[in-house]
Amino acid sequence: MYGGGTIFEPTKLDALKDEDPIKLAEFEARIERGEKIEPSDWMPKLYRKQLVRMIEQHGHSEIIGSLPEGTWITRAPGFKRKLALMAKVQDEVGHAQLLYSAAETLGKTREEMIEDLISGKSKYSNIFNYPAITWADSCFISWLVDAGAIVNQLANSKGSYGPYCRALERICAEEAFHLKYGHHCVIHLATGTPTQRKMMQEALNRWWAPMMHFFGPPDTMSVHTETLMKWKVKMATNDDMRQQFLDMYVMKIREIGLTIPDPNLRKDPETGKWIYTEPDWEEFKRVINGDGPCNKERLAVRRMAEERGAWVRRALAAPKKEYVTPLA
Amino acid sequence: MNTEAIKDLLYKMADDQLILGHRNSEWTGMGPLLEEDISFSSMAQDKVGQSYVLYKMLHELGEQEPDTVAFTRNADQFHNCQMVELPNGEYDFSLIRHFFYDNAELLRFQALTSSTYEPLAKAVVKFRGEVRYHVLHANTFIKQLGSSTDEAIAKLQASIDILFPYALGMFEKSKFENELIAEGIFTGEESLIEPWIEAIQKIIDQTSLQLPDYKTIKPINGGRYGTHTKDLQPLVEEMSAVFRVDPTADW
Amino acid sequence: MSLPSLDPRVTRLHIPDWTNPMEAIKPMDQFQTFQAFVQHRENKPIEYVGVVHAPNEEMAFLFAKEQYTRRGNTCFALWVVETSNVMVSPYTEKGSSLYEMIDNEAIENLEEGENPFEIFHLFKRGKQHFYAGRVMANSPDEAIVQAKKLYGNDGKPVLNIWVIQTGHILFSDEDDKEIWNTLSEKVYREAIDYKGADKIKKYKEENQAK
């Protein structure tokens with residue numbers, strides 16, 4: 001799962017000046033025709049770079065995103081929840097695998113990506129720097145964070161890069177199970193005993209601001225993304241995705257008696273847009289730059305996993321083999 | 001049919017599967033390679049799924065609901081062998097346990113396909129498909145790691161030495177052993193030991209690892225009737241931490 | 001320091017307070033890649049499903065089985081091949097078929113070769129390759145010409161072809177089929193099992209009554 005808050009590098013105006021204009025025109029015409037780009041096609045350096053960045057961040061978000069929910073794997077209440085949560089967290093690891101493979105087709109190895117994740121050089125979705133304090137937090141994530149991710153992923157699945165689209169097709173299919181499972185869990189808590197209802201409301205209170213952050217800063221604050229949108233790398237603006245999420249889920253949250261902790265949240269009848277209190281974007285910046293409640297733990301756990309597994313990989317390695325970039 | 005004997009058999013199998021599945025699920029998201037993380041998680045899910053089927057069978061025989069049975073008992077009410085409750089340790093430990101356990105499980109399921117207790121005979125056919133993959137996975141890993149680096153061989157050997165007496169505890173006899181055999185419900189624990197040794201020895205022989213002579217090792221028994229290590233009670237408490245907040249609530 | 005976590009699994013790991021940066025990960029730490037192909041059902045074609053990283057083909061098979069055929073992703077057959085053993089044709093432009101580039105004379109004069117090759121077709125950019133069939137040829141290039149003869153008249157333009165020497169593929173066999181014969185009661189791991197509408201309705205009714 002993954003939000004719209006991809007951190008694209010600011011695009012310099014002269015980024016395309018070294019590109020062959022004929023090839024560039026052919027490339028853009030292909031996208032214009034609705035054809036996908038495949039790994040062996042010519043592509044501008046900027047396209048490659050921003051795609052790697054986006055797909056890699058998406059992959060990192062899946063593997064790091066498996067941690068807050070993984071917090072509750074050993075404590076899920078009852079067989080169905082236990083089995084479903086195990087399967088869901090597994091799917092997230094599976095998504096990371098698919099996405100890293102897609103990013104590899106652009107020339108960055110999985111080793112490089114793992115290294116950049118652990119060193120903090122690459123980012124992942126900011127929301128996973130918050131803790132899942134109770135079972136209800138994991139239910140919130142399963143339903144609404146996944147819901148947010150689906151908004152973004154469905155948009156991205158119509159993007160221009162073939163291998164990313166192929167990965168997203170599979171991912172979106174699995175997210176349908178995650179979303180339903182998460183909704184089911186939240187319904188049970190919200191309509192359950194007073195203890196369960198309280199647990200769920202408190203989780204919603206904690207997660208609402210990170211959820212609003214999830215789609216990234218308002219478009220007025222974001223770096224220029226016109227080129228990325230023309231190339232179908234970025235498929236929807238942050239604000240559009242946030243609006244779409246609110247359109248789809250505010251009523252669903254309210255109908256089960258939960259209160260969204262934003263007194264200003266309402267739909268403007270004239271514009272049809274949601275009006276909401278801007279979340280604290282300074283906090284967003286601070287957390288994404290490393291100073292959130294769980295940043296340190298998330299990366300430490302990833303590093304621990306890599307280091308504990310190192311002897312297994314060393315032992316299995318066949319040293320004469322050469323790495324070959326996957327084809328699609 | 002001797003219902004008490006059948007229940008005794010179902011309980012030990014269900015508890016083994018649940019506790020080992022639970023332990024193995026702790027690796028989810030933390031495995032040595034993304035692909036292996038996914039495979040190991042699937043096997044953990046299969047085990048918990050199989051235990052669920054067995055608890056449902058017990059429910060049919062008059063025991064409480066699967067959730068109640070699994071999430072409200074204390075450690076001394078569990079019938080699993082002690083091996084499955086031991087903490088995961090490093091990957092070598094988890095792999096050797098997986099290798100020992102699943103090779104035995106495949107034989108057990110194979111034997112039970114001709115059980116006179118039909119619901120079980122039917123269920124194990126499905127279990128067997130899953131466990132066949134588990135065994136293929138375990139054997140492939142042990143074969144490859146067991147003949148790789150000195151580091152890997154030393155780690156695996158140390159885990160074999162620790163786990164082997166616990167593994168023999170998988171075959172602790174039921175107090176209904178004679179009835180189970182007489183009524184054709186199960187061929188009995190003793191029928192599994194030799195084939196199990198043969199199966200794992202065949203794999204070990206392709207590696208630089210050594211298997212102790214089982215005749216000289218004293219099995220660590222007791223798990224089948226409530227004697228457990230200090231590690232099971234915390235596991236059970238953790239597993240049921242949310243459920244016990246309100247066991248009557250619908251989670 | 002070990003990290004106190006909300007996740008008991010993490011607390012148990014006693015993660016040290018890393019003060020040193022992690023050692024650089026060596027190239028090939030994550031192994032080479034394999035391409036995986038799955039036939040989801042008996043009467044469906046074999047299709048490309050994706051990549052696994054693995055140290056060898058046996059492990060690639062183990063991994064692909066769970067990454068590409070778990071739960072709802074049913075499987076009748078699974079093939080894996082090391083990526084370096086896949087020969088890739090160029091992509092055609094503007095939807096034309098690769099087979100148009102091979103003249104018919106070449107086909108007429110071509111005799112079967114010595115080695116079996118497996119042929120995969122791509123019909124649409126962004127989609128997956130599908131298995132066309134086997135040819136006997138002496139080289140991958142020749143295999144494509146043979147493929148035009150045997151599989152080139154289906155009408156759909158073929159935009160790209162993968163050619164794999166049969167001997168390089170690890171195939172699941174009859175005996176493996178049992179590993180996909182598993183518990184059918186896995187609906188709790190599928191979307192279909194989660195229906196909450198009744199509970200919501202009941203909740204609304206109770207609240208209106210109040």
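Bear in mind that the values here come from a model prediction, so they are computed numbers and not experimental data.

**Q** Would you explain the environment of B:Lys218 in this entry?
**A** Tracing the backbone through its elements, the reader meets B:Lys218 in the loop between helix H9 (190-204) and helix H10 (232-239). Residue classification places B:Lys218 among the exposed residues on the basis of 8 C-beta atoms within 10 Å.

**Q** Looking at this structure, I do not really get the interface of chain C and chain A. What am I missing?
**A** The parts lose accessible area when they come together, and the size of an interface is often stated as this lost area. Listed by partner, the interface residues are 49 residues for chain C and 56 residues for chain A. Counting only elements with at least two residues in the side of chain C that touches chain A, the list comes to helix H1 (8-12), strand E1 (32-39), strand E2 (47-54), strand E4 (86-88) and helix H5 (197-209) of chain C. The biggest single contributor to the side of chain C that touches chain A is H5(C), with 5 residues. Considered class by class, the residues forming the side of chain C that touches chain A number 25 nonpolar, 15 polar and 9 charged.

**Q** Help me out: how do you make sense of the packing of helix H3 (residues 79-104) of chain A against helix H2 (residues 34-60) of chain B in this one?
**A** When two helices pack together, you describe them by how their axes are tilted relative to each other and by the distance separating the axes. For the pair H3(A) and H2(B), interaxial distance at closest approach is 9 Å and the crossing angle is 165 degrees. Judged by the angle between their axes, H3(A) and H2(B) are roughly antiparallel. Crossing angle aside, the handedness with which H3(A) passes H2(B) is left-handed. Seen from H3(A), the contacting residues are A:Phe79, A:Lys82, A:Leu83, A:Met86, A:Ala87, A:Gln90, A:Val93, A:Gly94, A:Ala96 and A:Gln97; seen from H2(B), they are B:Leu34, B:Glu35, B:Asp37, B:Ile38, B:Ser41, B:Ser42, B:Ala44, B:Gln45, B:Val48, B:Gly49 and B:Tyr52. When grouped by side-chain class, the residues that make up the contact of H3(A) with H2(B) number 11 nonpolar, 7 polar and 3 charged.

**Q** Please clarify how the interface of chain C and chain B should be interpreted in this entry.
**A** Taken together, the contact between chain C and chain B spans 22 residues of the former and 19 residues of the latter. Elements with a minimum of two residues in the side of chain C that touches chain B: H1, E2 and helix H2 (57-69) of chain C. Here the side of chain C that touches chain B is composed, by residue class, of 9 nonpolar, 5 polar and 8 charged.

**Q** It is not clear to me how the packing of helix H1 (residues 3-25) of chain B against H2(B) should be interpreted in this structure. Could you clarify?
**A** Residue and element names in this part refer to chain B. Where H1 contacts H2, the axes come no closer than 8 Å and their chain directions differ by 155 degrees. Taken together, the axis directions place H1 and H2 in an arrangement best described as roughly antiparallel. Viewed along their axes, H1 and H2 form a crossing whose handedness is left-handed. Of H2, the residues touching H1 (which contributes Lys7, Leu10, Tyr11, Met13, Ala14, Gln17, Leu18, Leu20, Gly21, His22, Asn24 and Ser25) are Phe40, Ser41, Met43, Ala44, Lys47, Val48, Gln50, Ser51, Leu54, Tyr55, Met57 and Leu58.

**Q** What is the right way to read unusual backbone geometry from this model?
**A** What you tend to see is this: most non-glycine residues have negative phi, and most peptide bonds are trans. Residues and elements named next belong to chain C. Backbone geometry places His14, a non-glycine residue, at a positive phi of 50 degrees. Tracing the sequence through the fold places His14 in the loop between H1 and E1. For His14, a count of 10 C-beta atoms within 10 Å corresponds to the exposed category. Located in the positive-phi region is Met28, a residue other than glycine, with phi close to 70 degrees. Relative to the helices and strands, Met28 resides in the loop between H1 and E1.

Rules behind the numbers
- Residues numbered from 1 in each chain as written.
- Chains lettered and ligands numbered in written order.
- Predicted model: local features only at pLDDT ≥ 70, side-chain atom pairs only at ≥ 80, totals over all residues.
- Helix = DSSP H or I, 4+ residues; strand = E, 2+ residues; numbered from the N terminus.
- Buried ≥ 20, exposed ≤ 12 C-beta atoms within 10 Å, placed from the backbone.
- Contact = placed C-beta atoms within 7 Å.
- Nonpolar A, V, L, I, M, F, W, Y, C, P; charged D, E, K, R; others polar.
- Axes fitted to C-alpha atoms, helices over the stretch in contact; angles between N-to-C directions.
- Parallel < 35°, antiparallel > 145°, perpendicular 65-115°, else oblique.
- Left-handed = near helix turned anticlockwise from the far one by under 90°.

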